[in-house]
Amino acid sequence: MGNIHTKKLFVKALNKKFGKDFDLAGKKADYAPFKKLGILQSDRKKEFMAASKALEGKRGITMYNPYLHAGGIPMGQRQIVPYKLSTTEYIVEGDDLHFVNNPAMQQMWDDIRRTVIVGLDMAHEVLEKRLGKEVTPETINNYLEILNHAMPGAAVVQEHMVETHPGLVDDCNVRMFTGDDDLADEIDDMYLININELFPADQAEEIKAAMGKTSWQAIHIPTIVSRTCDGGTTSRWSAMQLSMTFIDAYNMCAGEAAVADLAFAAKHAAVIQMGDMLPARRARGPNEPGGVSFGFLADMVQTQRVKPWDPPQISLNVVAAGTMLYDQIWLGSYMSGGVGFTQYATAAYTNDVLDDFSYYGCDYGVDKYGGWGEAPSTLDVVKDLTTETTLYDMEQYEAFPTLLEDHFGGSQRSGIMAASCGVTCGCLTGNSQMALAGWYLSHMIHKEGWGRMGFFGYDLQDQCGPTNVFSYQGDEGNPLEIRGPNYPNYAMNVGHQGEYAGISSAAHAGRGDAFCCNPLVKVTFANPALLFTWEDIRKGYGMGGAREFRAAGERSLVMPAV
Amino acid sequence: MAYEPQYYPGSTSVGVNRRKHMSGDLEKLRDISDADVVTIMGHRAPGADYPSTHPPLAEMGEPDCPIRQLVEPTPGAAAGDRIRYSQFTDSMYNAPAIPYWRSYWGAINCRGCDPGTLSGRQIIEARERDIEEYTKTQMDSEMTDPARATMRGCTVHGHSLRLDEEGMMFDMLARCELGDDGNVSYLKDQVGIPLDQKVNVGRAMSEEEVAARTTIFRYDNVSFGGLGDAPERKFDEGLVALHHMWERRSKWGFRPE
């Protein structure tokens, strides 16, 4: 039955990795022996060695030497294979997917950390009622022009102030958006995120209905500022420039007490951070990755807007965003350190493996239950979809030893298989808790069939996880969309959090929703001026790996040439 | 009627083998000397005294504690041995053991041990003379095929890689070799330190033997869910039982009271 749905999307990638004539299904290296060529089979490792050699004299201390690995046995005793970014033609080396080597990945996180959404309506009310100022579309346009001068780091009121070089902060911009079509018509195009133009008509109506006739500013401070400071800086930098801009645009007295009312209304009363502040033991402020809820991240990704007909594709792009942000950057560096976490994350967005597994499950489900979001939200449906999908996934690893070799760690396999089930159950039932139930069942089937899963803590989370799916008690409940990386049972290990974001989005993609959790976040990241490729996450990573992506935060303008 | 543990469902060879591993009712296939086991473990030289972390319990004057009176210490605990480990990697290509079942074997059958389970390796920690005994049991028994199960303290990704040219599990550190006589020898200890001389750990099993002794479900041997291209899937009893556990766990979490 199931095999009619298989597409084997990963075969093309495996052929690119291992070679066109390689026996992908051969179990023994007799068919294509391990050549044990070591480090020299990788162009990137050779480049690193040459770079290190060139730097040695200047640094006066040793650096990169891959022959120090494993007591003198370098990597590459098996094939070092490249990675194909899923659904794209980009093929890069694994090293190119570490965020240090990939400027697009850095920009993705920078775009989140430097963003804050601030309401305009309360400030306008204070201006009109408390200060007697007139607010019109013309004054708003004037305000936005001044704000786009000030927000990058320029002065608007005081004399003899220092300012920032525009060439260093050119990624900074502020646009407004509104659910009021009449007001939107009056705003200069360059200052507007036009919901009606950027979203399909039904999605635009849904978003505008959700936000009413409110007006908001999508504020992206300079990348270089948030990189030098931290996520908590974003709202502060934004707040200062906002209040100074109001003073300039509406010709206000800088010392009048009423301005304090405006300052509160403009700077703090309607502020939406991209990430909540974390408890003190995590020692992170707002707008840091550990506070970015799964639903917010799902709304930042824009695939839903440009490919609404393809729910799995929407979900897979959110998975890609999430695994990079939560695994590579949050858990891998903020919380742990080192380079190992990249290997977990890449499995989720390379070589079309998760794509194949997810489309298999979805095709099976659509055939059986009639269409996206049409399967009943019951445990029996989840059991059916998940069991079929997981067994298919396991069989692919068994039938293609090169696929198993590519996902050589159990946490990779467990995360990928469970994600395909979460995506499938989400897209088919339109219910994120059902998607989560499928995620956990898949892990358990994997563990029971193969007698292995991930690692100590990884397994704990998933084996006890079913009990929190339908719980709504205090610290163990919540809809998946408003859980996040610091949810108690999720805070400790890799290979989960990005997938949770993806399966949150799957439920809403299956329903055909315009957004997953917050319409304001969805619109803010539709801003065409954002640098990262929010519509196609995997393409962005490929561009970064292929060295085609130019990120913000350039400093060469103010440094001597290398 | 006396209680008899049932351990695991299913009438397939995998179900039977899983029950054997859990019950400890294992066939002994070879007899590796104590000295050879200790050499491969690499914690102390064969014949050397056991380092200790405290005096023998008999000399310590233990507090008046009902639990201590109930539980007889293991030989290693009684002697004050330090805690050491052995860790095995089992190939996914029909190695007889799988990590969770090594852990179940340890937890059910070995006193005073601490099993840890991962995807590519399974570790058991215990007092040194105890873990040496437990390790020997594993290496001597049908739990271990010398070609597809290796004591590896590190670098364990061979569990999921294609088999090496001679049918051995891939090992980046090349700890073992297959001899012309069909026997497998360790050239390095479990963390890859070269040994003074090879340690023979017995004959590699044939494809047929590993397929018969394995505890892993695979679609090309004993399938967990029926073949994907068959008209209908047929779930193993283990999968049916698992469905039941998952459903109960999910419903338990939903407690509207």
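**Things to note about the overall build of chain B**
Moving on, step 1. Across its full length, chain B holds nine helices and seven strands.
Moving on, step 2. Projected onto its principal axes, the C-alpha coordinates of chain B cover approximately 65 × 60 × 35 Å.
Moving on, step 3. Per-residue burial for chain B yields a buried fraction of 44% across its 257 residues.

**Examining the overall build of chain A**
Moving on, step 1. A tally of helices and strands in chain A yields 25 helices and six strands.
Moving on, step 2. Relative to the globule expectation of 24 Å for 562 residues, the C-alpha radius of gyration of chain A, 25 Å, shows essentially globular dimensions.
Moving on, step 3. Considered along the principal axes of its C-alpha atoms, chain A spans approximately 85 × 65 × 40 Å.
Moving on, step 4. When burial is assessed residue by residue, chain A has 57% of its 562 residues classed as buried.
Moving on, step 5. In chain A, 76% of the contacts between residues at least 6 apart in sequence involve partners at least 24 apart.

**Digging into the sheet that holds strand β7 (residues 194-203) of chain B**
Residue and element names in this part refer to chain B.
Moving on, step 1. Here we have three strands laid out as an open sheet, ordered β5-β6-β7, and antiparallel in their pairing. In this open sheet, the two edge strands, each paired with only one partner strand, are β5 (176-178) and β7. If you compare each strand with its neighbour and ignore which way they point, the axes differ by 25 degrees on average.
Moving on, step 2. Here three bridges tie β5 to strand β6 (residues 183-188), and the two strands are oriented antiparallel to one another. Within β6, the position partnered with E177 by the bridge is S185.

**Let's talk about the nonpolar core**
Moving on, step 1. In terms of nonpolar packing, the biggest core is built from 191 residues, with L297, A321 and A348 of chain A touching the most fellow members.
Moving on, step 2. Apart from the residues within four sequence positions on either side, A348 of chain A is in contact with V319, A320, T323, L354, G415, I416, A419, G498 and E499 of chain A.
Moving on, step 3. In terms of nonpolar packing, the next biggest core, distinct from the first, is built from seven residues, C110, C113, A126 and I131 of chain B among them.

**Some points on the interface of chain A and chain B**
Moving on, step 1. Of the residues lining the interface, 50 residues belong to chain A; the matching set on chain B comes to 48 residues.
Moving on, step 2. Those elements that place two or more of their residues in the side of chain A that touches chain B are α17 (379-399), α18 (401-406), α19 (410-429), α20 (432-450), α21 (456-463) and α22 (466-469) of chain A.
Moving on, step 3. For the side of chain A that touches chain B, the element with the highest residue contribution is α20 of chain A, accounting for eight residues.
Moving on, step 4. By residue class, the composition of the side of chain A that touches chain B is 23 nonpolar, 15 polar and twelve charged.

**What to know about the domain arrangement of chain B**
Moving on, step 1. Partitioning chain B into domains gives domain 1 (13-216) and domain 2 (227-252).
Moving on, step 2. Of note, the centres of domain 1 of chain B and domain 2 of chain B, computed from C-alpha atoms alone, are 32 Å apart.

**Some words on the domain arrangement of chain A**
All names here are of chain A.
Moving on, step 1. Entries for chain A in the domain assignment read domain 1 (114-273) and domain 2 (286-519).
Moving on, step 2. Taking only C-alpha atoms, the centre of domain 1 and the centre of domain 2 are 36 Å apart.
Moving on, step 3. Taken together, the contact between domain 1 and domain 2 spans 14 residues of the former and nine residues of the latter.
Moving on, step 4. Residue contributions to the side of domain 1 that touches domain 2 peak at five residues, all from helix α8 (residues 201-211).

**Some thoughts on helix α1 (residues 13-23) of chain B**
Residues and elements named next belong to chain B.
Moving on, step 1. Those residues of α1 that fall on the buried side of the exposure criterion are V14, N17, R18, K20 and H21. The arc that holds the buried residues of α1, viewed along the axis, is 160 degrees, so those residues lie on one side.
Moving on, step 2. The inward-facing, buried residues of α1 abut α6 (99-109) and α8 (207-213).
Moving on, step 3. The first or second residue beyond α1 is G24, which carries a positive phi of 85 degrees.

**A short note on the sheet that holds strand β4 (residues 149-151) of chain B**
All names here are of chain B.
Moving on, step 1. With respect to topology, four strands assemble into an open sheet ordered β2-β3-β1-β4, the strand pairing being antiparallel. Edge positions in the open sheet fall to β2 (114-117) and β4, since each of these has one partner strand only. This sheet shows a mean twist of 20 degrees between the axes of neighbouring strands, independent of strand direction.

**Description of the environment of G544 of chain A**
All names here are of chain A.
Moving on, step 1. By the element assignment, G544 lies in helix α25 (residues 537-545).
Moving on, step 2. It is 9.5 Å that separates the C-alpha atoms of G544 and Q107, two residues lying 437 residues apart in sequence.
Moving on, step 3. If we skip the residues at most four places from it in the chain, G544 touches N102, P103, A104, M105 and F549.

Cut-offs applied
Residues numbered from 1 in each chain as written. Chains lettered and ligands numbered in written order. Predicted model: local features only at pLDDT ≥ 70, side-chain atom pairs only at ≥ 80, totals over all residues. Helix = DSSP H or I, 4+ residues; strand = E, 2+ residues; numbered from the N terminus. Buried ≥ 20, exposed ≤ 12 C-beta atoms within 10 Å, placed from the backbone. Rg over C-alpha atoms; globule rule 2.2 N^0.38 Å. Contact = placed C-beta atoms within 7 Å. Pairing = 2+ DSSP bridges. Axes fitted to C-alpha atoms, helices over the stretch in contact; angles between N-to-C directions. Core = buried A, V, L, I, M, F, W, Y, C linked by C-beta atoms within 7 Å. Nonpolar A, V, L, I, M, F, W, Y, C, P; charged D, E, K, R; others polar. Domains from an automatic or database assignment. Arc of directions from axis to C-beta.

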